[in-house]
Amino acid sequence: MYPKPTADELVHLVHRYHPAGILNEDPRYDASEEGQRLTALVHAHVTPSPAWTGFIQQLRETFPNSHLWDTTVPYHDPCYSVRVSLPGFKPGGPRDDCVVALLSQLAPVYALYASHTDKSLPGADYWLRFPPFPPEFQSHEAKLARLIESTFGFTRLSNDILLTPVPNLVPRTANWEVGKAQLIDCLFTWHRW
């Protein structure tokens, strides 16, 4: 397994891929050295790696009663992502409970979060949670973490590190002002559902 990086090391790393103080809609963002480095990295991962393809197959075998979505968005964010439903998911049904894995393409690190939607309730019940997960999510969380670590050797980041502010950066695809980004947004994606 790779050593666990510090928040400072990861902040330094994301500054190599996201230009400081520039909104992503500004032409200088993509033209910058950092923006070009990020574009090259993301383009190099458009075709899923054999390791990622094999990992998705392992997920199918490990979670036979779950629905899987490879939610990686090529050309956009510097991460691979997958949603693994809890047993009982029915396509088109009102309830969607998943454990979501994000694997960075910038560093050998990953994050997990729990996602819940219940459309059968008035106004719909929706939340995202970082650890500790509710009890019904913990078995999936543990299996998914073991599989990521045994397949890739990646290190799981703590909530403190994931939520570390990176106030002078804007993620490549986020429609934000400077000042709102956290490490999770820059290492993986700002889009969580």
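One can find the structure itself at the top, above this paragraph.
For clarity, every value in this text was computed on a predicted model and none was experimentally measured. (Residues numbered from 1 in each chain as written. Predicted model: local features only at pLDDT ≥ 70, side-chain atom pairs only at ≥ 80, totals over all residues. Heavy atoms only, no water.)

Caption draft 1: Geometry of a nonpolar patch on the surface. Taken together, Tyr 126, Leu 128 and Trp 193 make up a surface patch of nonpolar side chains, about 280 Å² in accessible area. Its relative accessible area of 44% is what places Tyr 126 among the partly exposed residues. (Patch = residues over 30% accessible without salt bridge, like charges linked within 9 Å, V, L, I, M, F, W, Y side chains within 5 Å. Areas by Shrake-Rupley, 256 points an atom, 1.4 Å probe, with all protein chains shown as cover. Salt bridge = Lys/Arg side-chain N within 4 Å of Asp/Glu carboxyl O. Buried < 20%, exposed > 50% of the residue type's maximum accessible area, 1.4 Å probe, protein only.)

Caption draft 2: Structural view of helix H4 (residues 50–62). In a regular helix each residue adds 1.5 Å, so 13 residues correspond to 18 Å; H4 covers 18 Å between its end C-alpha atoms and thus fits that length. Close packing links the buried residues of H4 with strand E1 (68–70), strand E2 (79–85), strand E3 (95–104) and helix H5 (135–152). (Helix = DSSP H or I, 4+ residues; strand = E, 2+ residues; numbered from the N terminus. Expected span 1.5 Å × (residues − 1). Contact = heavy atoms within 4.5 Å.)

Caption draft 3: Highlighting the pattern of salt bridges. Taken as a whole, this structure holds seven salt bridges when the rule is applied. In this structure, Arg 28 engages Asp 26 in a salt bridge whose closest nitrogen and oxygen atoms are separated by 2.7 Å. For Asp 26, a relative accessible area of 21% gives the class partly exposed. Among the charged side chains, a network of salt bridges with common partners joins Arg 95, Asp 97 and Asp 118.

Caption draft 4: Quick peek at the pairing of strand E5 (residues 125–129). In this structure, strand E4 (residues 109–118) lies alongside E5, joined through five bridges in antiparallel fashion. Bridging across to E5, Ser 115 finds its partner in Leu 128. (Pairing = 2+ DSSP bridges.)

Caption draft 5: Spotlight on the nonpolar core. Formed by 29 residues in total, the largest nonpolar core has its most connected members in Leu 10, Val 14, Leu 106, Leu 157, Leu 183, Leu 187 and Phe 188. For this core, the secondary-structure elements that each account for two or more residues are helix H1 (7–14), helix H3 (33–44), E3, E4, helix H6 (159–162) and helix H7 (183–187). No other element matches the five residues that H1 contributes to this core. Here Phe 188 is in contact with Asp 77, Pro 78, Cys 79, Leu 102, Leu 103, Ser 104, Val 109, Tyr 110, Ala 111, Leu 157, Leu 162 and Leu 183, once residues within four sequence places are set aside. Phe 63, Leu 68, Val 99 and Leu 144 belong to the second-largest nonpolar core, a separate cluster that totals 25 residues. (Core = buried A, V, L, I, M, F, W, Y, C linked by side-chain atoms within 4.5 Å.)

Caption draft 6: Seen up close, unusual backbone geometry. With an omega of 5 degrees, the peptide bond between Pro 131 and Pro 132 qualifies as cis. Note that Pro 132 resides in the loop between E5 and H5. Of note, Tyr 75 is a non-glycine position whose phi angle comes to about 75 degrees, a positive value. Examined against the element boundaries, Tyr 75 turns out to sit in the loop between E1 and E2. With relative accessibility at 46%, the residue Tyr 75 sits in the partly exposed group.

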